[in-house]
Amino acid sequence: MIDTHAHLDGEEFANDLPDVIQRAREAGVEKVFLPAIDLATSRRILDLSACHPGFFYPMAGLHPEEVKADWKQQLAAIRQLITGDLQHQPSTLIAVGEVGLDYYWSREYEHEQLEAFEQQVQWSIETRLPLMIHCRKAQNEMVRLLRRYERELPGGVFHCFTGNEHEALELLEFPQFILGIGGVLTFKKSHLPEVLPAVVPLDRIVLETDSPYMAPVPHRGERNESSFVTLVAQRLAEAYGVTIEDVDRHTTATAHRLFLNEERKMRRKEK
């Protein structure tokens, strides 16, 4: 299996990261994708991935909640980091992320978030790196922006999808994009076990944990980690009426196609 979204570079894992990696491997997790949230984490994730090649795969980007007064300087430096990495043969970055819009807590930087997101959407188009998109309380604004670039986008993940059938169908109208499903699927009051099989094909889903956040049942409230992705896969299998092996096969193939496809890598080099 592949955990397509885990913040294992965080301080929550500073004391036992080797153990976390070992438990993930023992659970059948073959790869973990690491999204960044700002310049510092983008650099740290590149370094961490270099220490664990073939297991950790890095992203770089500016998270909407990190769009503050210095957002332009942050973006400029992250852009240089991405450009420098793509000059390597082969490059290591697999996506621009974690980027997007978040109006849940505050709209203080609403316009700055939109501008930062649009710039990073443009990077995705230029580099052919897919997007890892975070969106909370802003789907209308996000969709409106993405529509302007719909034909040019290389694809990506709508991370941590928790919406209803209408919202799922709206996002699936972007043909190169898929939904990231994590621990919320296992929560007692979650409607995802009904929503997903009703409107979302299994090959439009990837597994994620968002570690250290939103641990699945029976670990809810604890620190999340990549080995717990198997619990998400099991609940998904139950919801779709298939085996966990079917879920593994579909979601792993989708993650490879979007992030690790060799033809996509060749197009990036040509850029």
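Residues numbered from 1 in each chain as written. Predicted model: local features only at pLDDT ≥ 70, side-chain atom pairs only at ≥ 80, totals over all residues. Heavy atoms only, no water.

S.K.: Tell me about the side chain of S227, and name the residues and values.
M.R.: Tracing the backbone shows S227 in the loop between β8 (205-207) and α8 (229-240). Those residues within four positions of S227 in sequence are excluded, and the remaining contacts are R23, A24 and A27. (Helix = DSSP H or I, 4+ residues; strand = E, 2+ residues; numbered from the N terminus. Contact = heavy atoms within 4.5 Å.)

S.K.: Account for the layout of surface pockets, naming residues and giving values.
M.R.: Each pocket or cavity is described by its volume, and for the largest pocket that value is around 920 Å³. If you go around the largest pocket, you meet 37 residues; those closest to its centre are H134, C135, R136, H159 and C160. Secondary-structure elements contributing two or more residues to the lining of the largest pocket are α2 (39-51), β5 (131-136), α5 (139-147) and α6 (165-172). Per-class residue counts for the lining of the largest pocket are 14 nonpolar, 11 polar and 12 charged. (1 Å grid on protein atoms, 1.4 Å probe; cavity = no way out; pocket = protein on both sides within 12 Å on 5 of 7 lines; lining within 4 Å. Points joined across faces, edges and corners; volume = space filled by probe spheres on them. Nonpolar A, V, L, I, M, F, W, Y, C, P; charged D, E, K, R; others polar.)

S.K.: Could you give me a rundown of the side chain of T4, with the residues and numbers involved?
M.R.: Among the structural elements, T4 can be located in the loop between β1 (2-3) and α1 (17-26). For T4, a relative accessible area of 1% corresponds to the buried category. Those residues within four positions of T4 in sequence are excluded, and the remaining contacts are F33, M59, M132, V206, L207, E208 and A255. (Buried < 20%, exposed > 50% of the residue type's maximum accessible area, 1.4 Å probe, protein only.)

S.K.: Give a description of empty space enclosed by the protein that names residues and reports values.
M.R.: All chains considered together, the criterion is met by two cavities of 30 Å³ or more. Here the largest cavity defines a volume of roughly 40 Å³. In the lining of the largest cavity, the residues fall into four nonpolar, three polar and two charged.

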